[in-house]
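As a plain string of letters, each chain reads:
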Amino acid sequence: MNQLIDFLQQHDIEYKAGEPMKAHTTFKIGGAADVMITVRSVDELRLATAACRENNIPVMILGKGSNLLVSDDGIEGAVIALDGDFKEITVDGDTITCGTGVSLSKLCTVALENGLSGLEFAYGIPGTVGGAVYMNAGAYGGETKDVCFEATYLSPDGKTGVCSAGELDFSYRHSIFKTNSNIILFAKYKLTPDSKDAIKARMDDYMNRRRTKQPLEYPSAGSVFKRPKGAFAGTLIEQCGLKGKKVGGAQVSEKHAGFIINAGNATCDDVMNLVKLVQDTVRDETGYFLECEIIRTGRQRWNL
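Residues numbered from 1 in each chain as written. Predicted model: local features only at pLDDT ≥ 70, side-chain atom pairs only at ≥ 80, totals over all residues. Heavy atoms only, no water.

## Considering helix α5 (residues 196–213)
A rise of 1.5 Å per residue sets the reference length of α5, with its 18 residues, at 26 Å; its end C-alpha atoms lie 26 Å apart and thus fit the reference within 8%. Those residues of α5 that are buried lie in contact with α3 (104–113), β8 (116–117) and β9 (138–139). (Helix = DSSP H or I, 4+ residues; strand = E, 2+ residues; numbered from the N terminus. Expected span 1.5 Å × (residues − 1). Contact = heavy atoms within 4.5 Å.)

## Points about unusual backbone geometry
Phi angles above zero are rare outside glycine, and N56 is one such case at about 55 degrees. Along the chain, the position of N56 falls in the loop between α2 (42–54) and β3 (59–62). Residue classification places N56 among the exposed positions, given a relative accessible area of 70%. (Buried < 20%, exposed > 50% of the residue type's maximum accessible area, 1.4 Å probe, protein only.)

## A few points about the pattern of salt bridges
Counted according to the given criterion, the structure contains 18 salt bridges. Between D43 and R46 there is a salt bridge, with its nearest N and O atoms 3.0 Å apart. Residue D43 and its partner R46 are both found in helix α2; the two are separated by three residues, about one turn of the helix. A residue is classified by how much of its surface remains accessible, and D43, at 51% relative accessible area, is exposed. Among the ionic contacts, a cluster of salt bridges with common partners joins K276, D280, R283 and D284. (Salt bridge = Lys/Arg side-chain N within 4 Å of Asp/Glu carboxyl O.)

## Description of the sheet that holds strand β11 (residues 148–154)
The five strands are arranged β6-β7-β13-β11-β12 in an open sheet whose pairing can be described as antiparallel. Only two strands of the sheet have a single neighbouring strand rather than two, namely β6 (89–92) and β12 (160–164). Pairwise comparison of adjacent strand axes, ignoring direction, gives a mean angle of 15 degrees for this sheet. Here β11 pairs with β12 via five bridges, running antiparallel. Within β12, the residue paired with Y153 across the bridge is G161. Along the sheet, α2 contacts β11, β12 and β13 (183–190); its crossing angle with β13, the most-contacted strand, is approximately 150 degrees. (Pairing = 2+ DSSP bridges. Axes fitted to C-alpha atoms, helices over the stretch in contact; angles between N-to-C directions.)

What follows is the structure in structure tokens.
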């Protein structure tokens with residue numbers, strides 16, 4: 001790790017040692033990362049990841065931490081945050097190109113300002129473009145695959161490449177990037193011209209639905225479980241009488257049973273124990289197994 005720190009200092013790349021991850025996740029849970037690196041260009045990212053490989057240091061790319069549960073023991077290795085060029089947006093006709101560090105809310109706002117429709121479903125999803133492409137984020141009948149037609153990436157050997165729509169392998173909460181080690185750099189969206197009033201009305205409608213039905217007033221990682229075939233996770237959990245169920249500071253939301261919230265100083269272990277309780281109860285009472293949608297990371301390996 002000392003050699004990596006020396007390298008970052010020599011190349012004037014920003015870093016923080018021992019950065020608490022609870023400050024960088026929407027769950028407000030997680031111990032410290034060994035080092036957090038902030039890169040502002042593809043060249044800085046290439047240098048930082050190469051240095052990590054040379055020193056056998058694991059790397060994790062961080063967006064807004066909105067779908068992430070971090071161990072109380074923190075994260076081994078380097079967490080890399082994307083800034084600078086990765087937060088730029090350009091509009092050319094009905095096409096938007098943006099860095100994967102751009103927040104979805106910002107992307108949706110830019111689309112609105114330019115009278116471009118197709119991203120309304122993403123308004124209010126508290127993640128970044130990178131996370132949305134990585135997991136084909138979706139809501140209210142829309143998905144990233146409907147509008148994203150190209151993604152530029154950095155491969156482990158430091159080369160850049162481009163995935164076209166067909167190569168992105170989008171499916172429910174899945175993209176090609178879940179099966180390789182490439183880092184998503186930029187994404188392109190093909191949208192449809194529409195009146196700003198109509199676009200804003202849809203965005204406001206979706207946001208009002210979120211505020212009404214989701215526990216946005218509490219720290220969480222959004223929907224915890226994937227939608228099982230032929231059912232809805234939240235409905236199954238509610239049917240099993242688990243709304244409001246608590247383990248330590250973690251609680252199944254009384255507002256939406258598909259959410260687990262940090263009701264007060266919850267630990268990673270609290271959340272994981274509650275997740276297992278929900279999974280076991282739903283499986284025993286309904287026959288459905290609820291697969292986790294949130295990503296769990298840390299110094300230990302988990303198999304929930």
